[in-house]
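Take a look at the letters that make up each chain.
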Amino acid sequence: MDITAAAEKIRSMEIRGASRIARFAAEVLKDYATRVGDNFDEEMKRAAQILLNTRPTAVSLYNAINYIMRYKGKNVEEKRENLIKRAEEFISWVESAQRRIAEIGEKRIKDGYTLLTHCNSSTAIAVIKKAHETGKNIKVFATESRPRWQGHITARQLKECGIDVTVIVDSAVRFFMKEVDMVIVGADTITANGALINKIGTSQIALCAKEARVPFVVAAETYKFSPRTLAGELVLIEERAEEEVLPKDLLSLGIKARNPAFDVTPRDYIDVIITEIGAIPPEMAYIVIKQRLGYEEVVEEEMKIYDYD
Ligand code: RUB
């Protein structure tokens, strides 16, 4: 696939959700590597940069690209082979991590639980599905997740598995929280200090959960942890077009809209992060980044190569 077309699929949210975006980028780079000629390094770097400039918030994209772009080889053929191998390794990391998270996470869900989830997280859904498959009788509240209605995708996916699911408007979370036993959401990024960046509205849900003493659980693969934040960088929150929020007739009156796609939930609101290496407290984010993501290599070398626009 043409790199610009692939990037557009991510930008337009045809491909969306942090895991899917990362996996898609890995597949695109792998495919591109099979077609690049002599200018291998320059061409691959250019492709990586185009993909990186699509959506700035989910660090999974950055981590996927960094993992793959650390290919080595003495000549173009060796480099190509190594890049393809690394892309395949990353893709199997995505698959196996989600399976493991589902196994670990489902243990937190008791028979008869009512869960609440926000947006459409394939990782959170994997946990919920696993609990259902192990025979637990569960109900799920899925928030609409305005303005892009990802909650409808979640509701459909859960219903297709035979799970009892009820869609609620985003502003009804506090109203229903007293009926909820556990909140489970995915992650776009986990920062070095254990904060969660996820779909806009997540932090309000965490606030309501804390008030009602309902556990707030995050399902996140270790490639959602951000080495850049360990180097002191702040996560850039994507702000999308006004048109996603307001119809044209209102915009034409000069009414403005703001449309941040994500927000930050401080670590004090998070009970546990379910990763493929275990159910960890958010305070462990620093260790995950140091040990799992090759912090020194990523931050001190590659961070100089890739810049967001
Ligand atoms: C998706 C979103 C999801 C995370 C995790 O936002 O916030 O909760 O990406 O998803 P958008 P997953 O729809 O704007 O991409 O667990 O599938 O990686």
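Fair warning: this is a prediction, and the values are worked out from it, not measured in the lab.

Rules behind the numbers
Residues numbered from 1 in each chain as written. Predicted model: local features only at pLDDT ≥ 70, side-chain atom pairs only at ≥ 80, totals over all residues. Heavy atoms only, no water. Helix = DSSP H or I, 4+ residues; strand = E, 2+ residues; numbered from the N terminus. Expected span 1.5 Å × (residues − 1). Buried < 20%, exposed > 50% of the residue type's maximum accessible area, 1.4 Å probe, protein only. 1 Å grid on protein atoms, 1.4 Å probe; cavity = no way out; pocket = protein on both sides within 12 Å on 5 of 7 lines; lining within 4 Å. Points joined across faces, edges and corners; volume = space filled by probe spheres on them. Nonpolar A, V, L, I, M, F, W, Y, C, P; charged D, E, K, R; others polar. Domains from an automatic or database assignment.

**Regarding helix H6 (residues 122-133)**
- For H6, which comprises twelve residues, the first-to-last C-alpha distance of 16 Å matches the rise-based estimate of 16 Å (1.5 Å per residue) to within 8%.
- Residues of H6 that are buried: Thr123, Ala124, Ile125, Ala126, Val127, Ile128 and Ala131.
- The first or second residue beyond H6 is Gly135, which carries a positive phi of 95 degrees.

**Notes on empty space enclosed by the protein**
- Evaluation of the coordinates by the stated rule reveals three cavities of 30 Å³ or more.
- Volume-wise, the largest cavity comes out at about 190 Å³.
- In terms of lining residues, the largest cavity is bounded by 20 residues, among which Arg16, Gly17, Ala18, Asn120 and Asp188 are the most central.
- At the level of secondary structure, the elements contributing two or more residues to the lining of the largest cavity comprise helix H2 (18-33), H6 and strand S6 (196-199).
- Tallied by class, residues from the lining of the largest cavity come to five nonpolar, ten polar and five charged.
- If you count residues domain by domain, the lining of the largest cavity takes at least three from each of domain 1 (3-99 + 294-305) and domain 2 (101-292).
- Considering only enclosed or pocket space, the second largest cavity measures out at about 60 Å³ in volume.
- Forming the walls of the second largest cavity are 14 residues, and the residues nearest its centre are Pro147, Arg148, Lys199, Glu244 and Ala261.

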